[in-house]
Amino acid sequence: MTQFTTPDTEPAAKTSPAAAGELTGRTALISGGSRGIGHAIAVALAARGANVALLAKTDTPHPKLAGTVHTAVEDIRAAGGQGLAVVGDVRRDEDVLSAVEQTVEAFGGIDIVINNASAIDLSPTEVLDMKRYDLMHDINVRGTFLLSKTAAPHLRTSAAKHRAPADGTASGSAAGAAAEPEFTPQILTLSPPLALSEAGLDPIWLGRHLAYTMSKYGMSMTTVGLAAELEPDGVAVNSLWPATYIDTAAIRNLAALAGEQGETMIRGARRVDIVADAAVAVLSGQVTTAAPDGKLRPISGAFLTDEQVLRQLGVEDFTDYAVDPEAELIPDAFL
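1. Some details on the pairing of strand S5 (residues 186-190)
S5 sits mainly inside the fold: 5 of its 5 residues count as buried. Residue alternation in S5 divides its side chains into two sets, Gln186, Leu188 and Leu190 and Ile187 and Thr189, and both sets are buried. In this structure, strand S4 (residues 112-115) lies alongside S5, joined through 4 bridges in parallel fashion. If you follow Val113 over to S5, its bridge partner there is Ile187. Inspection of the sheet shows S5 paired to strand S8 (residues 236-241) by 5 bridges, in the parallel sense.

Listed below in structure tokens is the structure:
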């Protein structure tokens, strides 16, 4: 895992450590986001002044899960940002292309891509239906690759526009025009760290739920590859994963099927705010690493956890994020 540091600043308040993450005028395109972690990140970005476009299928209410892409955009606007709802499926090339085109048309470009859409099925190999296998790989791996690939040219444009030249002159602007503030465009993927051992890839998670792990690891491999591919262009690429269970509608539905054990799952979870705060910190450049020239640059090519990011910002007490501060926290999978 990449080691990283943060500037020597006073720790922010524990309940909103990313409050200083100024993103006014930046544009983010998120897959999913109608509810859960994606929705929380979208609203948090909007609260820092960002424009947020959502590509999601939920055009109409789900019978068991609250929220649609339209209500999510209402929440984005209520938080202070500009929102755009794009009804579509990350598995369809034409929908992803349309989402990128609509976002650029509405806001003038793309500065941030968040690969949030994901499907899960923890069934063992012999039980798993191949339709579910295909669904996970089409959304998790292919969808992440496709959205990143399609938006990459716009991220490169953003990098050229915001990068500070060595001579201090305005980049990409006419002589005498004001330079754009320095900013690093980013791709952030909600995927886990690759479990490694001295012998290579650790089979622990592959052995527990092979198909799902393959799909999530595929998302993480795009982080490794795209970080290297886009580094010369000034685009950062990272993965973020929750350190504990997170209280979402999807988890509550699973918990409802598990009876008393499910109640323990929810009580041992944290609120979605912790992932949102960590995401804002990463995307606004607060999480940095030392470059070869000795200067601090936004982290890239890293597998990060929400707790790890916030500890680097000076957060010591995570009690306010807990669903039940008295309950024992349950570590998330892949950690």
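That shown, we press on.
2. Let's talk about the packing of aromatic side chains
For the coordinates displayed, the defined rule picks out 5 aromatic pairs. Members of the aromatic cluster, joined through ring pairs, are Trp205, Tyr212, Tyr217, Trp241 and Phe334. Note that Arg26 overlies the ring of Phe183, its terminal NZ or CZ placed 4.4 Å from the centroid.

3. Section: the sheet that holds S4
Strand pairing in a sheet is mediated by backbone hydrogen bonds. Such pairs are either parallel or antiparallel. Pairing in this open sheet of 7 strands is parallel, and the strands run S3-S2-S1-S4-S5-S8-S11 from one edge to the other. The outermost strands of the open sheet, each flanked by one partner alone, are strand S3 (82-87) and strand S11 (303-305). Across the sheet, the mean angle from the axis of one strand to that of its neighbour is 20°, orientation sign disregarded. The strands touched by helix H4 (residues 130-162) within the sheet are strand S1 (27-31), S4 and S5, with S4 carrying the most contacts at an inclination of about 180°. Helix H6 (residues 210-230) contacts S4, S5, S8 and S11 of the sheet and is inclined by roughly 155° relative to S8.

Thresholds applied
- Each chain carries its own residue numbering, running from 1 in the written order of its sequence.
- Restriction of local features to residues with pLDDT of at least 70 applies here, the model being predicted, together with a cutoff of 80 or more for giving and counting side-chain atom pairs; totals for whole chains, interfaces and linings are based on all residues.
- Side-chain measures here rest on the full set of heavy atoms in the structure, leaving out hydrogens and waters.
- Relative accessible area decides the class of each residue, using a 1.4 Å probe on protein chains only: under 20% of the type maximum gives buried, over 50% gives exposed, and in between gives partly exposed.
- Each helix is a run of H or I in the DSSP string that is no shorter than four residues. Each strand is a run of E no shorter than two, and both are numbered from the N terminus.
- One requirement defines pairing of two strands: DSSP has to find at least two bridges between them.
- Pairing of aromatic rings covers Phe, Tyr and Trp, the last counted by its six-membered ring, and requires centre-to-centre distances within 6.5 Å; plane angles under 30 degrees mean stacked, over 60 mean edge-to-face, and any other angle means tilted.
- Placement of a positive charge over a ring is assigned whenever Lys NZ or Arg CZ falls within 6 Å of the ring centre and within 35 degrees of the normal to the ring plane.
- Under this scheme, a helix contributes an axis fitted over its contacting stretch, all axes are lines through C-alpha atoms, and angles between N-to-C directions fall in the 0 to 180 degree range.
- Between two residues, a contact is recorded if the distance between any of their heavy atoms is within 4.5 Å.

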